[in-house]
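Coordinate analysis (summary)
Listed here are the chains, written in short residue letters.
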Amino acid sequence: MSTDDFNFDNKTKYGIQNEIGRYVWSGYFILVITSSLIGDTIILIASIKYRAFKLHKIMIVIIQHIAVSDLVSSIIYLTPRVAAMIADGWALGDTLCYINPYTMYIANSSSALLICAMTSTKLYILKYPLRSGTFSPSKTAHCICAVAWAMSPSFSFMNFLIDKGDIYFDYRNYVCDFRNLSSDIWKWLTPVLTVFFLILPNCLVMGTTICVLVLAKRVADRGSRSLKWQGILTTVLTAAVYCISVLPYAIYRIGDHFISVPDKSQSFFYTYFYELASSFYSFNTMSNFYIYSLTVTSFRDFLKSKTRTAADYIGKGLVFLVMNNCTQLTKKKQFTQYPKDSREKANVSRLLVPWSSLRTASEPTFSRRTKIVDRMVK
């Protein structure tokens, strides 16, 4: 494998030459970042402070960890990517370019492993409902998630040990990435890591999700116990969206080992398809908030109540501003019509009624005082 095969840092060949195209992709990633920051923050606040998720405790803890993983991915992976697209090149310095690929793979790996934990745990709860109540759900869930977080730096750790300085800026997706060329060990290690960190997690997610659906149908047909379908739907939709978003990138990684072209800059697979695959991968980052809003009734009710409360506060604030502006304009108009004589000003000021009392005063009293003021002004 020659160096030219990974010469993706050539701006002329692989950069997005159309400025409008770069801004369109930047807008898409800004939407993903905004949705993730707002949505995942709401998920954490709703689940921790307000306990708005009426699901199994293990599932709630895993949902919280997935939200943290998505926040990390938005901040340390997508935000530098947007900045690079807008600047049409890496503009955050060599140090951040060196750190970026390590954190990027940690965030992506943690998301995959946590979703594996979600589907596997849901399958266990369905198959052994009595056993799942014999241990502490929160501690068990945190231990499972801790294992997922501990395994997520494995790919970055391999690159640090073998090829820690071989990092370049990829103009296809505007991120810093590992080149993996300085050692012959990558010829067999790259396929192994691809299988272990990309193909196996996807297969595990799809397999456990199918088992969840089959087992849930059997339990429903037998009628032996009631099922909480919102937890099942949440797990299935989360897994489905994850697999769909990762599938194009997995196809690229697999095809990269079998496709050989003389000039990769002229290949659709190595340019446009990779750009779409790496961009679609981030769709999973922003989707969980919308999935939970659709499937979890208690979370949806929480959002509705908070939205109504916020609308009430906004409405009251607007009414207060309008009334305050009307009061100021009324007072200003009255004072500009008063005579300049200080005695008459003093007499008129005694008859002025504050706004708070005008609202409660009876109509005859208000009109009588208004007539006296007009007579003195004339």
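Report follows, based on the coordinates. (Residues numbered from 1 in each chain as written. Predicted model: local features only at pLDDT ≥ 70, side-chain atom pairs only at ≥ 80, totals over all residues. Heavy atoms only, no water.)

Some words on the overall build of the chain
Keep this limit in mind: Starting at the N terminus, helices and strands are each numbered in turn, a helix being any DSSP run of H or I of at least four residues and a strand any DSSP run of E of at least two. The cut-offs for exposure are 20% and 50% of the maximum accessible area for each residue type, with area from a 1.4 Å probe on protein chains only; residues under the lower value are buried, those over the upper are exposed, and the others partly exposed. Whether two residues are in contact is decided by their heavy atoms: any pair within 4.5 Å suffices.
What the chain contains, in helices and strands, is 14 helices and two strands. Classification of the 378 residues of the chain by burial places 43% in the buried group. A separation of at least 24 residues holds for 76% of the contacts in the chain among residues at least 6 apart in sequence.

So, the packing of helix α8 (residues 229-255) against helix α9 (residues 269-280)
We apply this condition: Under this scheme, a helix contributes an axis fitted over its contacting stretch, all axes are lines through C-alpha atoms, and angles between N-to-C directions fall in the 0 to 180 degree range. By definition, turning the near helix anticlockwise from the far helix through less than a right angle yields a left-handed crossing, and turning it clockwise yields a right-handed one. Throughout this entry, Asp, Glu, Lys and Arg are counted as charged residues, while Ala, Val, Leu, Ile, Met, Phe, Trp, Tyr, Cys and Pro are counted as nonpolar. The remaining residues, Gly among them, count as polar.
Between α8 and α9, whose axes approach to 7 Å, the crossing angle comes to 145°. Crossing handedness for the pair α8 and α9: left-handed. Of α9, the residues touching α8 (which contributes Ile244, Ser245, Pro248, Tyr249, Ile251, Tyr252, Arg253 and Gly255) are Phe269, Tyr270, Phe273, Tyr274, Ala277, Ser278 and Phe280. Here the contact of α8 with α9 is built from residues that sort into 11 nonpolar, three polar and one charged.

Remarks on unusual backbone geometry
Of note in this structure, arginine 51 is not a glycine but carries a positive phi near 50°. Inspection of the secondary structure assignment puts arginine 51 in the loop between α2 (19-48) and α3 (57-87). Although it is not a glycine, aspartate 88 adopts a positive phi angle of roughly 60°. In this fold, aspartate 88 is placed in the loop between α3 and α4 (94-127). Under the relative-accessibility criterion, aspartate 88 is labelled buried at 17%.

A look at a nonpolar patch on the surface
Under the convention used in this document: The patch calculation keeps residues exceeding 30% relative accessible area without a salt bridge and links them within 9 Å when they carry like charges or within 5 Å when they are nonpolar (Val, Leu, Ile, Met, Phe, Trp, Tyr). Residue exposure ignores everything except the shown protein chains as possible cover, and the areas themselves are Shrake-Rupley values with a 1.4 Å probe. Any carboxyl oxygen of Asp or Glu within 4 Å of a side-chain nitrogen of Lys or Arg constitutes a salt bridge here.
A contiguous nonpolar surface patch, about 650 Å² in accessible area, is contributed by Leu92, Leu96, Tyr98, Ile99, Phe157, Phe160 and Leu161. Listed by contribution, the elements that provide at least two residues to the nonpolar patch are α4 and α6 (154-163).

Observations regarding the state of the cysteines
In protein structure, a disulfide is the covalent linkage between the sulfur atoms of two cysteines. Rules: Our working definition of a disulfide is a cysteine sulfur pair at a distance within 2.5 Å.
Counted according to the given criterion, the structure contains one disulfide. The disulfide partner of cysteine 97 is cysteine 176, and the gap between their sulfur atoms is 2.0 Å. Where cysteine 97 bonds to cysteine 176 through sulfur, the torsion about that S-S bond is close to -110°, and the disulfide is left-handed. Placement of the pair is cysteine 97 in helix α4 and cysteine 176 in strand β2 (residues 175-178), with a sequence separation of 79 residues. Both residues of the pair, cysteine 97 and cysteine 176, count as buried. Lacking any disulfide linkage, cysteine 116 is separated from the closest cysteine sulfur, that of cysteine 243, by 8.4 Å.

Points about the pattern of salt bridges
Oppositely charged side chains may form a pair once their charged atoms are brought near each other. Counted according to the given criterion, the structure contains five salt bridges. Between aspartate 88 and arginine 22 there is a salt bridge; the shortest N-O distance is 3.7 Å. Within this pair, whereas aspartate 88 is found in the loop between α3 and α4, its partner arginine 22 is found in helix α2, the two being separated by 66 residues in sequence. For arginine 22, a relative accessible area of 7% corresponds to the buried category. Residue arginine 172 pairs with aspartate 170 through a salt bridge whose shortest N-O separation is 2.9 Å. Of the two residues examined, arginine 172 and aspartate 170, each falls in the buried class.

Some details on the environment of leucine 215
Tracing the chain through its elements places leucine 215 in helix α7 (residues 186-222). In this structure, the C-alpha to C-alpha distance between leucine 215 and lysine 127, residues 88 residues apart in sequence, is 7.4 Å. The contacts of leucine 215, once residues within four sequence positions are left out, are Leu123, Leu126 and Lys127.

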